[in-house]
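Topology and contacts: notes
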Amino acid sequence: MKNTAYYMMMLLLLLLGAACKKDWLERKPKTILLEEQVWNDPKQILALLANYYDRLPTDMGMTGNWANMADYDDAMWSGYSGNDGRNNITTYPYNRWALWEYELIRDINLALEGIDRYSVSLPADQKKQFSAELRFLRAYVYFEMVKRMGGVPLITKQLIYDYSGDPTPLQVPRAKESEVYDFIAAEMDAIQGDLGNIISNTGSNKSASNTRANKYTALALKSRAMLYAGSLAKYNNIAGNVNITLPNGEVGIPASKADAYYQQSLNASKEIISSGFYSLYRNNPNKGENFYEAVVNKIANREAIFVQDFLNPTKRHLFSYDNIVRSIREDNLSSSGITPSLGLVESFEYLDGTPGTLKTRTADNSDYIYYDKPQDIFANKDARLYGTVIYPGAGFKGQTIEMQAGVKAWDAAANRFNTIEGADLSSNWTDGKLLVGSAGPHRDIQEVSTTGFYLRKFIDAGTGTSTRGIQSTVWWVRFRLGEIYLNAAEAALELGQMSEALTYVNELRERAGFPANSLAMLTIDKLRNERRVELAFEDHRVWDLKRWRIADKLWNGDAGNPNDMVYGLYPYRVVKPGDPARDGKYVFDKVLPPRFRVPRFFRIGNYYSQIDQSWINNNPKLVPNPNH
């Protein structure tokens, strides 16, 4: 019996010994991906890249921060009244545009080191391409930081604490503002040949990915960044402008660098334009519809260089739900959030080249100008207006947008018109005809335009796309060829190359309905207006005003300054029986919507965002920005 127990014990020990073999204890976990697995698997790397692309910062977009479009001078907020603070911004906070995106920078640096260290089975070209994409993304983030903060710490490898008790090796000081721009340019030069993502490189079929970085995406970033650097070097140093500098160059770029930056921007722009990969969108003979499609159409669109795309059913957004015209909304809530301003609408010139100020009164201001239909006041305007804004009487989704604020009823005894507005939409006047349109405008009702205009750009025209169930997949455009034309024009103008600058601007204007070579001269103010109308709501306006150093002059907090206030345009039906020249016609009042209460006020300290005290506490080498 004792022997039997002894043998059983020995057998058990043998089994346990076998179970404890080295390869059993060192089995790979099934729920954790190892570095070697990630950086040798293209699918895993692509998944990480998709995450990083999706995290690229922006002040506007189709998700999250899109309502910022209502915070400047191109629009105001007409949606849910609880968000009316956007119409009452007393001053922009000093940290309004602050960005310290070192979490994403660290993730990218780790990825670069991971590929370099662990990727042994990836083909050399693929490894090089992934690394180039990561460097593009890192440079993009640095550009978003430098345009907000000025010079920031340039960190290109992971920082590891050694537990020595001394954190100073981790405390990297701010680079000069110019050094960050130089870094972006150098990175784009270094990687553009490695990026790949070219779909076809032959003849007229040349095409490249517009959701992943390729050579021309890198050039587009360089085009924009160098234009910004050139502007800062020039306009921060012009007498009469604000001159914001720090002694060691964290803020402020010497004027002597301006031309070199402009030349780099121009060279990058020209290489994109002449590449054969892109062309201005001209697929629709209706020039207004064509401009709308140039931004939103995903099919055969050779103008889009780099976009944040959305796809059913996994990645959609509610931009159309929140901003669709009230009268054609397909859900029972929301609509009408961003409503364009009269100031923006009047920035679009008439096609004969005259200023775009809408004609509401006779030359001697003795009477209204009477229009047969509400849309007639917008006749012969730059077609980009139609592509950007839905105005009274315009169409969308196959319907005419009915906008009427009330009636102007003639009072013979007082020899004047009385203005009558109603409390409800789609209401009738005592004559049985329309009083207030189904799309407003209305002074008080939330989720109805208070400016008399609705947004068209980026609104999805597809059926059901303004519902919470279906949603929209319209993409967000980060770079398109229209901007590159304007970058080239501005750089050329600043370099004194008038003829070349005119070529680019006139081509854009011709697409918008202007005659060929409509401009014979180009001034910086004219070019700035071209940027405003071509690129409205594409996250350019505030950054342009900042780099030109005119934001503090344009938005100076003065309620008497029309640039500071957001105005609207209200159409009225005329009721004057017995006067066929006026009765039944439409007249317009330029109004200050009551929901807009406080003038825009951009302070000198807004040119560079505040370096947060908590960042300085962690890194005492950070120099605060001036004027805070």
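Residues numbered from 1 in each chain as written. Predicted model: local features only at pLDDT ≥ 70, side-chain atom pairs only at ≥ 80, totals over all residues. Heavy atoms only, no water.

Labelled according to an unreviewed UniProt entry, the protein appears under the name RagB/SusD family nutrient uptake outer membrane protein, originating from Chitinophaga varians. Checking UniProt for the protein, the heading Subcellular location (unreviewed entry) contains the comment "Cell outer membrane". (UniProt positions renumbered as here; feature names shortened; annotations may be inferred.)

Quick look at empty space enclosed by the protein now. One pass over the structure, following the stated rule, counts 4 cavities of 30 Å³ or more. Considered as a void within the structure, the largest cavity measures approximately 120 Å³ in volume. What lines the largest cavity is a set of 16 residues, and nearest its centre among them are Asp74, Ala536, Phe537, His540 and Arg541. For the lining of the largest cavity, the secondary-structure elements that each account for two or more residues are helix 16 (524-534) and helix 17 (541-547). No other element matches helix 16, which puts 3 residues into the lining of the largest cavity. Its residues assigned to classes, the lining of the largest cavity shows 7 nonpolar, 1 polar and 8 charged. (1 Å grid on protein atoms, 1.4 Å probe; cavity = no way out; pocket = protein on both sides within 12 Å on 5 of 7 lines; lining within 4 Å. Points joined across faces, edges and corners; volume = space filled by probe spheres on them. Helix = DSSP H or I, 4+ residues; strand = E, 2+ residues; numbered from the N terminus. Nonpolar A, V, L, I, M, F, W, Y, C, P; charged D, E, K, R; others polar.)

Read from one edge to the other, the open sheet built from 4 strands follows the order 10-9-15-16, with strand pairing classed as mixed. Looking along the sheet, the strands with just one partner apiece sit at the ends: strand 10 (416-421) and strand 16 (586-591). Averaged over all pairs of adjacent strands, the angle between strand axes in this sheet comes to 35 degrees, irrespective of strand direction. As judged from the 6 bridges shared by strand 9 (residues 406-411) and strand 10, these two strands associate in the antiparallel manner. When the sheet's bridge partners are listed, Ala409 is paired in strand 10 with Asn418. (Pairing = 2+ DSSP bridges. Axes fitted to C-alpha atoms, helices over the stretch in contact; angles between N-to-C directions.)

Empty space within the largest pocket amounts to approximately 680 Å³. Residue assignment for the lining of the largest pocket shows that the elements contributing at least two residues are helix 12 (342-347), helix 16 and helix 17. Take the lining of the largest pocket: its biggest share by element is 5 residues, from helix 16. Here the lining of the largest pocket is composed, by residue class, of 9 nonpolar, 9 polar and 9 charged. Estimated volume of the second largest pocket: approximately 460 Å³. Lining the second largest pocket are 18 residues, with Trp100, Tyr102, Ile155, Leu159 and Leu170 positioned closest to its centre. Secondary structure elements with two or more residues in the lining of the second largest pocket: helix 5 (102-118) and helix 19 (613-618).

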